[in-house]
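Below are the chains, spelled out letter by letter.
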Amino acid sequence: MVLAEVSRREDRAERTRAELAEQTRVGDALVRGLVRAQFALALRLSLVVAIGLGGLPWLFAVAPAVGRVTVLGVHLPWLLLGVVSFPFLIAVGWAYVRLAERNEQDFTDLVQRPER
């Protein structure tokens, strides 16, 4: 009885892998779901970057007093756009890689999931 269950699980995983390799409708739907998830992640993080970095010039235009603030002898706009933006972009890139790998792991788990 137990051996039959193991065999069925392996058969389902092999069938799913074959559908992916042969590019059947099911395999195509699975891959499109992964691509959609990766694209949605890229759009969300692009929006974070656009608001985070694109909002700074808008802030300095709306509130000119903020643009005249100096920190350690350096004007705040130079500090934010020239120094702080790089760690911000590195953090967003790190988050993207981590979340994209999670999407791929979820996809792999879905493909290799045993039948219930």
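Preceding this section is the structure that the text describes.
Residues numbered from 1 in each chain as written. Predicted model: local features only at pLDDT ≥ 70, side-chain atom pairs only at ≥ 80, totals over all residues. Heavy atoms only, no water.

## Quick word on the overall build of the chain
Short version of the rule: Comment: elements are numbered from the N terminus, with helices defined as DSSP H or I runs of at least four residues and strands as E runs of at least two. Working rule for contacts: check all heavy atoms of both residues, and any pair within 4.5 Å makes them a contact. Each accessible area value is a Shrake-Rupley result obtained with a 1.4 Å probe; residue values ignore everything except the protein chains displayed when judging cover.
For the chain, the count of helices and strands is four helices and two strands. Going from the N terminus to the C terminus, the chain shows its helices and strands as α-α-α-β-β-α. By sequence separation, contacts in the chain at least 24 residues apart represent 70% of the contacts at least 6 residues apart. About 8,800 Å² of surface is accessible on the chain, with carbon and sulfur atoms providing 65% of the total.

## Side note on the environment of D106
The criterion, for reference: Remark: exposure states derive from per-residue accessible area (1.4 Å probe, protein chains only) relative to the maximum for the residue type, with buried under 20%, exposed over 50%, and partly exposed in between.
Looking at the secondary structure, you find D106 in helix 4 (residues 76-112). A relative accessible area of 45% means that D106 is categorised as partly exposed. Sequence separation between D106 and L34 is 72 residues, and the spatial gap between their C-alpha atoms is 9.0 Å.

## Describing the side chain of S85
Inspection of the secondary structure puts S85 in helix 4. Taking relative accessible area as the criterion, S85 reaches 7% and is therefore assigned buried. What S85 contacts, discounting residues up to four positions off in sequence, is L53 and L80.

## As for unusual backbone geometry
In this model, L72 sits at a positive phi of 55 degrees, which is unusual for a non-glycine residue. The topology assignment puts L72 in the loop between strand 1 (70-71) and strand 2 (74-75).

## Considering helix 2 (residues 25-62)
Our working rule: Each helix should span, by expectation, one fewer than its residue count multiplied by 1.5 Å. Bending is quantified residue by residue as the angle between axes fitted to the seven-residue window ending at that residue and the seven-residue window starting at it.
Here helix 2 spans 52 Å end to end across 38 residues, near enough to the 56 Å set by a 1.5 Å rise per residue. Largest kink in helix 2: about 35 degrees, centred on G55, with the proline P57 one to four residues after it. Buried residues of helix 2: G27, L30, L34, Q38, L41, L45, L56 and F60, and no others.

## Digging into helix 4
Under the 1.5 Å per step criterion, the end-to-end length of helix 4 is 52 Å for 37 residues, consistent within 8% with the ideal 54 Å. The sharpest bend along helix 4 comes to roughly 45 degrees, located at V84, with the proline P87 sitting one to four residues further on. Every buried residue of helix 4 is listed here: L76, P77, S85, V92, A100, N103, F107 and V111.

## Observations regarding the side chain of Q38
So the rule is basically this: As used in this structure description, the phrase polar contact means that two N or O atoms lie within 3.5 Å; if the pair is within protein, one of them must be able to donate a hydrogen and the other to accept it, and residues adjacent in sequence are counted only when both atoms belong to side chains.
Note on placement: Q38 falls in helix 2. Look at Q38 and you get buried, because its relative accessible area is 15%. Side chain to side chain, Q38 and N103 meet in a polar contact 2.9 Å long.

## Comments concerning a nonpolar patch on the surface
Keep this limit in mind: Residues with no salt bridge and a relative accessible area higher than 30% make up the patches, which join like charges within 9 Å and nonpolar side chains (Val, Leu, Ile, Met, Phe, Trp, Tyr) within 5 Å. Any Lys or Arg side-chain nitrogen located within 4 Å of an Asp or Glu carboxyl oxygen qualifies as a salt bridge.
A contiguous nonpolar surface patch, about 320 Å² in accessible area, is contributed by W58, L59 and V62. By the secondary structure assignment, V62 is in helix 2. V62 sits in the exposed class, given a relative accessible area of 53%.

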